Each structure stands twice: as C-alpha cells, then as structure tokens.
Amino acid sequence: MALLQIAEPGQSPEPHKRKLAVGIDLGTTNSLVAAVRSGESSTLSDEGGSHLLPSVVRYTEQGVVVGQAALAKASVDPFNTIVSVKRLMGRGITDLKGLQGEAVYRFSERDGGMPFLQTVAGDKSPVEISAEILKTLKARARAALEGELEGAVITVPAYFDDAQRQATKDAAQLAGIKVLRLLNEPTAAAVAYGLDQAAEGVIAVYDLGGGTFDISILRLNKGVFEVLATGGDSALGGDDFDLALAQWFLDQLGGKEVVAGESRYLTEKARWVKEQLTDHASVTVELDHAGQRISLDVSRELFDGLVEPLISKTIRACRRSLRDAGVELDEVQDVVMVGGSTRVPAVRSRVEQFFQRAPRIDIDPDRVVAVGAAIQADVLAGNKPDSEMLLLDVLPLSLGLETMGGLAEKVIHRNSSIPVARAQEFTTYQDGQTAMMIHVVQGERELVSDCRSLAQFVLRGIPPMAAGAAKIRVTFQVDADGLLGVSAKELSTGVESEIQVKPSYGLDDNEIADMLKASYSFAEDDMVLRHLREQQVEADRLLASLEQAMQADGESLLTPQELTHLSEQMAILQTLRNGSDAAAIEQGVKVLSQASDFFAARRMDQSIKNALKGHTIDEIEGDS
Amino acid sequence: MMDITQNYFEFLALPVTYQLDLQALSERSRELQKTLHPDRFSHLSDRERRLSVQYTAYLNEAVATLKHPLSRAQYLLKLKGLDTFSESQVQLDPMFLIQQMELRESLEDIASAADPEAELEQLRQTVEQEMKSLREQFDRYYQQSTPSAYEAAAVCVRKMQFIDKLGREIEVLEDQLFDE
C-alpha cells in the first residue's frame, strides 16, 4: 500500500498558492467585477480606465459588442441592442407583458414559454445575453489579475426567486465561470461595510438598483452576517423612475404613438434629467419629436411627485421586513444605501425619514456590492483559512406545492434560514390513483395562479389504494445559493422521484451543453481534454481533503483496518487520476467518496462536539 | 447518509426546557454555523459540501423550531410522544371556540371601523395577552411531567395554534389597510 505522507510541522503539504477569485455584480444597468489584491477589495477597470460596464449587449452581423459601445447604439438599433436584460432573467413570455419598456423587443416563443429575443444574429435567450456580459467581465479580470480564475461570487437581488437565480447560474456556466456562490446583493454590501468597521448590531441595507429593489435586515456579530429578513420587488428600480418621467414627456408631447427607437430615446432623456436633478433644483430638456424640437422644464418637485408612488412602495417593504425580522425601528443602528438609484434626493430623504437616521453613503453605491462579493470570493476560494467571516442568508419567498383546488400549500416559509430541508406528506385524491403531479410554486399568495410556477413533475407507480391511503412524502431542499431541489417518495412502496428544479422558463442541461459547444470555437478534442481536466481536479480535491483529514484525525477516528482500507482506495484513485480516462476517474471519485463517507460524518460530529465543548454538562445540570 | 440521533436540544447542547434562554440559543447556533456551514467547505470536495448542507439544514430546522414559543412547545410534546404537528381534527372546549369566533368577528369589523389603526392595535394586544397566558399554562402542565398533564399541555398547544393563526391574519390585514 501507499504510505501516508506527512508534511514538515508548520508547513502545508502544498506550498500555499493564492487562488484568483472575483466578485461580480451583474446589474440591470451596469455590471462590475472586483477582486481582493494585497488585502484590499477594489473594482477592476477596463483598459480605458472605466469600472462600470453598461449591461448592454448589441448583436451585429460581425459579432457581439458589450458595454459602452453597445449602449451608444441603443436608440438607433433597438432590436439588436439589449438593455436591462436582467429584468428578463427567469421570466416567461407571459410575465413580460406586465413589464413596461421591454415591449420594444421582438420575442419569439419556444417550448416552455421561455422568451427568445430576435436579433440579427439569431434568437437569443436572456441567459445567453447575460453570459456575454459575464464573458466580458471575465476577460477583464483575467487581464487585470494575469491568470485563470478559480471562480466567482456572483450577486443577485435578494428578492430573486428560484427561476431567476437558476438563470443567473446558467449564464455563468455558459460564460465558463465556476460559481463559488450566488450571493444576495444587500448581504454583499453589508460585508463591504461591516468588515471595514468591524460593526456589531442590526443594520438595514436599502438597495435600489436599475431594475430591482431589495431591503435586508441583518444582525452582525463577530464576523457573522446573519440575514434576519429580506423583502423587496424584483421588478422595481431606477428604470421605472425613467419610465415614469418618459411617460410625462409623452403626455406633454401630445401622447402620440411612438416607435420603438423613440420610446428608448425618451427614456434616455428621462434618465439624463433624473441624474441632473440630483444636483440641480430644475433642468431644461430639449426633445426632438415629430420633426420639431421641444423644450421642457422639469423641476425636482415635479419629478419627486412622479416617482413618489414608487418610493412609497419601497418604504412599505421596509416596514414589512422589520416586522418579519422581529426588530424594532430603534434597534437599527445603521442604514446602508446601495444602488445607483439611491442617489435620487427624494429616495434618500424618504429613507432617512422612515428609519429616523441619516443613511450611510460612504462607499460608492455603484461599487459596494462588487467590493463585498470579492471579499466573500476570496474567503470561499480558500485564501483566508483563518477568516471568521460567515454569511447566513434566508429564503426570500415561500416555496410550496399545488394542492386540490389550485391552492398553494407552503412547505418552506419565506425568511427561513438556508440551507434548509423540509418534508411534507400528501395523499391521493381518488381511489386507485397511481400517479401524482407535483407542481412546485414560489410566492406568498394563496392561489397557485398568483404564484410563480417553478417546476412540474410526475410521481408514478403509486400502488392502487383507497383515496387517502397512500402517503407521499415530498422533500424540499434549498442550498446555500438559494437553489431548490425536490424529491418525492411513496412511503409504503418506496417509489421515488427526484429533480433538481429547473425553472419552467429556463434552459435544460442539454440546451446549455449545446450552447457551450456552439460558443466555444475549439474542436471536439478540446472538449474531451477539458472534461478530463475537470475530473482530475475533482479527484485532486477529494484526495487532498482526505489526506488532510487523515493526518488530522486518522488515528483518533479510524480503526487500523479502516485506515488501511481507505489508504488503498486512495491509491487506486491516484492511479486512475494519473491516467487519461475521464469516465474512470469520475467513477473512481464516486467510489472513494462512498468509501469515506462514514469518516467525513465522524469528523463532522467531532467538530460539532468541539464547537460546543465547555457548554454541555454544567449548563444542562444547572437548569432543570 | 446523515445520522443524527440527538434531539434538537441535545444537538445544540441546551437544556430540555420550555423556558429556553434565547440568547444562548442564538450563540450556540452561531458557533455551530461557523463549524458546519457549506461556505466553510467551499474549496473542498463535493462530498464534504453535501454533508455540510445536510448538517446545516438540520441545525437551521432545530433553531427555527426552538426559537418560536409555539413550535418549541409542540416539539417538547413530540419528544414525549404527543404529535400535535400533523393533527387534522381537534376537539376544543366550546367556550374557547366562542371566544375565538368573537375575536374573528372583531377582526372582520376593523376594516370599516372609524379608527382601524387603534382597533387593530387593541386586538393585537388582546391576542398577545392570550398567547402569553397560554404559554404560562403550557409550561405549568409540562413541568408536572405526568401523562395527563402532557395531555392538558397538548390542549394549550392546540389553542395556541388558533391564536397564532389569528395573529398572522392581523398582520395580513395590517398590510392591506396601510399599504395600499
């Protein structure tokens, strides 16, 4: 058998290699990438020195253009220039009818109702379009950091549902980025603030971006950021401010029908006016309309009046989140402002009025999310083994199942800490029923039709019994990214069915694989090599973690026989790993994982005991 | 694969009692999160991450159950062999049910009241008071530790479920009244 390797005391078996990991803020209006360098987290710029990448993708016959150059063509080439694609992520074509401003695109519907946008380069899904933005950021990071990325933490609005999160993860996969974690934007912002200040206590993060609004209430304690409650609106943001003002322009111009390009032209003018009003009490805007130039005066009061209902909506969400968190207003020590739209003076004053304290704006609200995400990425990549930092998040929207009468039965309630697993039992409705449709939904409403449909699958093979006799246990499991897996089991027979929930409007794995193939220009051989490399990395990871575990606890937690057996199994995988058969390595990883499961479980139990050491006996006996 | 035989209290090294020290609960929970959370295993193999997700889910379930007075009471009874989590039909004394109906009627009347905010606040206080007295009753019975006392404690739990539901309906109404 292979002898166990033991490193020199004080030295790790492998010289410490710093892994390159970045934080990505994939925003509605702008996107950013940040990294920790020499202990400081900061955003990375392109070669021209700009940090913000406009989240705009333009398809031309020659290729894809992303960012400022694409934005410049937004109103002259509206159908091929996609702005605010984040608002389309994880949405079905029917959802989009309700969204204003997106009407300019030409959608084509495919199976499952996922919207594809018709462009000169063919039909493009929101996932593919987002992947173009991510690829651009990845290239920027590689250039700035001079190396391959280990992975990225990608931020999403806290209020994103499962479909929207899954779509974001799919986009990253398509862009060839390993997702270390999907992190909620307000949590990322809290990290950027909290670590700087070593803060303790309750903070509120008010995040109003281009297309989404989030409010999160967090408790900070010795490096642990615990989200107590979160709320918001995944379709409310600065874009809506622009649309409200553009609508007013249109009313002033006589409310005539406008063409696609003009609607975007007016929205751009509206955005300009909104930004000017941050520093000026009023502004005059020139509009070209129907061959004439019209000049309009817009005062801050007028603008504030137009957006007032939108701001009120955010304040209501703040009130509800405080209640859900079980926190009184005066317990909130700090209010942190995130997102470009918090520059609007009316937003700041309403937030200040509600929380009765001046909001914190010391970190650039456009960059704070990316900066926080990079700090988390650095920790997750393993660069800071001694870091105490831990981010604990919650589920933003309840998860449930459709029951008789189109009612949604909640299985996991919103604001539950994640990861979470919960099972619920259901029974059959008719005598002799042998199959059951499991319809997974997300949302707070009573009726299934008012909730978001996430997935449907059928559990077959239930033995025919009288109605109500069969017992079907449905288990929901949500991981730390907030992504859901569902399994169903008939208890008397053990018939099982399991799915990783793929959103009804998402892409299935084959579609992603096809797109990956199509998007990489390299040949079949490269795909094979890439697959082999992936399997080797996974084998290395498992072997390294087992070796480390055996050094630490091999003697105390394993019998000599178990030790020998495991070492032999490891040697087998090592041999496979040095070969070039990807499938054999994959299988070997599976075998060794199973063979060492008990050891991992024992170690976990031991660390629980250690974590609670010193608490147990005295306190239990001290209390009756 | 995960084999946790300890009950939630043991898992968190807390005494099995209704009068739980919530401060201690959140401290223990934080200590365990630091050991078990998937982010602590993100650079390790799939297997460690999977195991950590299972353990953390168990921890989160334990904390959620023990944190809230109603589910904590139900859990204590479950440890004594009385399952009030999945009862579909329960018998309660008519006096209590009449009182519940009256409370519900006053809830329905609030929308059309002259000062809904004040009325709602008053109803909320009534409900909170009722909940508090049921909790105290529960604890007394529970501490008697006899089979008949556990049965009586289970009756308290069933009543608490009614009150809890009413409390949530008050919140829903509050949203409707003041949010639109």
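Predicted, not measured: the structure shown is a model, and the values here were computed from it. (Residues numbered from 1 in each chain as written. Chains lettered and ligands numbered in written order. Predicted model: local features only at pLDDT ≥ 70, side-chain atom pairs only at ≥ 80, totals over all residues. Heavy atoms only, no water.)

Along its length, chain A carries 15 helices and 27 strands. The burial tally for chain A puts 52% of its 624 residues in the buried class. Contacts spanning at least 24 positions in sequence make up 66% of the contacts within chain A whose residues lie at least 6 apart. Surface accessibility of chain A: about 27700 Å² in total, with carbon and sulfur atoms responsible for 48%. (Helix = DSSP H or I, 4+ residues; strand = E, 2+ residues; numbered from the N terminus. Buried < 20%, exposed > 50% of the residue type's maximum accessible area, 1.4 Å probe, protein only. Contact = heavy atoms within 4.5 Å. Areas by Shrake-Rupley, 256 points an atom, 1.4 Å probe, with all protein chains shown as cover.)

Before going further, it helps to examine the interface of chain B and chain A. Facing the 42 residues of chain B at the interface are 50 residues of chain A. Between chain B and chain A, a total of about 4100 Å² is buried, with carbon and sulfur atoms accounting for 54% of that surface. On the surface where chain B and chain A come into contact, there are five salt bridges. Arg 422 of chain A is the salt-bridge partner of Glu 61 of chain B, the closest N and O atoms lying 2.8 Å from each other. When residues of the side of chain B that touches chain A are traced back to their parent elements, those giving at least two are α2 (22–36), α3 (46–67) and α7 (147–179) of chain B. No other element matches α3 of chain B, which puts 13 residues into the side of chain B that touches chain A. (Buried area = accessible area lost by both parts, 1.4 Å probe. Salt bridge = Lys/Arg side-chain N within 4 Å of Asp/Glu carboxyl O.)

Bringing a negative patch on the surface into the picture now. Residues and elements named next belong to chain B. Together, Glu 102, Glu 105, Glu 108, Asp 109, Asp 115, Glu 117 and Glu 119 give the surface a local cluster of negative charge. Contributions of two or more residues to the negative patch are made by α5 (94–110) and α6 (116–144). With four residues, the top contributor of residues to the negative patch is α5. For Asp 109, the position within the fold is in helix α5. (Patch = residues over 30% accessible without salt bridge, like charges linked within 9 Å, V, L, I, M, F, W, Y side chains within 5 Å. Lys, Arg positive; Asp, Glu negative; His and termini not counted. Charge placed at Lys NZ, Arg CZ, Asp CG, Glu CD.)

Bringing the packing of helix α14 (residues 582–611) of chain A against α2 of chain B into the picture now. For the pair α14 of chain A and α2 of chain B, the least separation of the axes is 9 Å and the interaxial angle reads 145 degrees. Helix-helix and strand crossings are classified by hand; for α14 of chain A and α2 of chain B the assignment is right-handed. Only Glu 31, Leu 32, Thr 35 and Leu 36 of chain B of α2 of chain B make contact with α14 of chain A, whose side of the interface consists of Met 604, Ser 607, Ile 608 and Ala 611 of chain A. By residue class, the composition of the contact of α14 of chain A with α2 of chain B is five nonpolar, two polar and one charged. (Axes fitted to C-alpha atoms, helices over the stretch in contact; angles between N-to-C directions. Left-handed = near helix turned anticlockwise from the far one by under 90°. Nonpolar A, V, L, I, M, F, W, Y, C, P; charged D, E, K, R; others polar.)

Bringing the domain arrangement of chain A into the picture now. The assigned domain composition of chain A is domain 1 (21–238 + 305–394), domain 2 (239–304), domain 3 (397–506) and domain 4 (521–611). Taking only C-alpha atoms, the centre of domain 1 of chain A and the centre of domain 4 of chain A are 36 Å apart. (Domains from an automatic or database assignment.)

Another aspect to go through is the pattern of salt bridges. Applying the stated criterion to the full structure yields 41 salt bridges over all chains. Residues Lys 135 of chain A and Glu 132 of chain A are paired through a salt bridge, measuring 3.6 Å at the closest nitrogen-oxygen approach. You can see Lys 135 of chain A and its partner Glu 132 of chain A sitting in helix α3 (residues 126–145), three residues apart, about one turn around the helix. Judged by its relative accessible area of 17%, Glu 132 of chain A falls in the buried class. Across the salt bridge formed by Arg 104 of chain B and Glu 169 of chain B, the nearest N and O atoms sit 2.6 Å from each other. With Arg 104 of chain B in helix α5 and Glu 169 of chain B in helix α7, this residue pair connects regions lying 65 residues apart in the sequence. Here the salt bridges do not stand alone but share partners, grouping Arg 87, Asp 239, Asp 240, Asp 242, Arg 271 and Lys 274 of chain A into one network.

Here we take up the packing of aromatic side chains. All names here are of chain B. For the structure on display, the rule yields twelve aromatic pairs over all chains. Consider the rings of Tyr 142 and Tyr 150, whose centres lie 5.8 Å apart with planes at 50 degrees: the pair is tilted. Aromatic ring contacts, followed pair by pair, group Tyr 8, Phe 9, Phe 11, Tyr 58 and Tyr 75 into a single cluster. The cationic tip of Arg 72 hangs over the ring face of Tyr 18; the distance from NZ or CZ to the ring centre is 4.9 Å. (Phe/Tyr/Trp six-rings, centres within 6.5 Å; stacked < 30°, edge-to-face > 60°. Lys NZ or Arg CZ within 6 Å of the ring centre and 35° of its normal.)

The relative placement of two packed helices comes down to the angle between their axes together with the axis-to-axis distance. All names here are of chain A. Two elements in contact, α3 and helix α4 (residues 162–174), have axes separated by 8 Å at closest approach and are oriented at 55 degrees. When the axes of α3 and α4 are compared, the pair comes out oblique. As for the relative orientation of α3 and α4, their crossing is right-handed in sense. On α4, the residues that touch Val 127, Glu 128, Ser 130, Ala 131, Leu 134 and Lys 135 of α3 are Ala 167, Asp 170, Ala 171, Ala 172 and Leu 174. Its residues placed into classes, the contact of α3 with α4 shows seven nonpolar, one polar and three charged. (Parallel < 35°, antiparallel > 145°, perpendicular 65-115°, else oblique.)

All names here are of chain A. Between Ile 418 and the following residue, Pro 419, the backbone shows a cis peptide bond with an omega angle of 5 degrees. As for its placement among the helices and strands, Pro 419 is situated in the loop between β21 (407–412) and β22 (420–426). One non-glycine residue, Lys 222, adopts positive backbone phi at about 45 degrees. Its location among the elements puts Lys 222 in the loop between β14 (213–221) and β15 (224–233). Of the residues examined, Lys 222 reaches a relative accessible area of 57% and is grouped as exposed. A positive phi angle, close to 65 degrees, is found at Asn 415, a residue other than glycine. Within the element layout of this structure, Asn 415 appears in the loop between β21 and β22.

With that out of the way, let us pick up the sheet that holds strand β5 (residues 56–59) of chain A. Residue and element names in this part refer to chain A. In space, the three strands of this open sheet follow the order β6-β5-β7, with antiparallel pairing throughout. Of all strands in the sheet, those with a lone pairing partner are β6 (64–66) and β7 (81–83), marking the two edges. This sheet shows a mean twist of 20 degrees between the axes of neighbouring strands, independent of strand direction. Here three bridges tie β5 to β6, and the two strands are oriented antiparallel to one another. If you follow Arg 58 over to β6, its bridge partner there is Val 65. Helix-sheet contacts for α3 involve β5, β6 and β7, and the interaxial angle to β5 is about 110 degrees. (Pairing = 2+ DSSP bridges.)

Turning next to the side chain of Gln 100 of chain B. Residue and element names in this part refer to chain B. By the element assignment, Gln 100 lies in helix α5. The exposure class assigned to Gln 100 is buried, which follows from its relative accessible area of 3%. In this view, Gln 100 contacts Phe 162, Ile 163 and Leu 166; residues no more than four positions away in its chain are not counted.

On to the side chain of His 37 of chain B. Along the chain, His 37 of chain B turns up in the loop between α2 and α3. Setting aside chain neighbours within four positions, we find His 37 of chain B in contact with Arg 181, Leu 390, Leu 391, Leu 392, Ile 418, Pro 419 and Ala 480 of chain A together with Leu 32, Ser 52 and Thr 56 of chain B.

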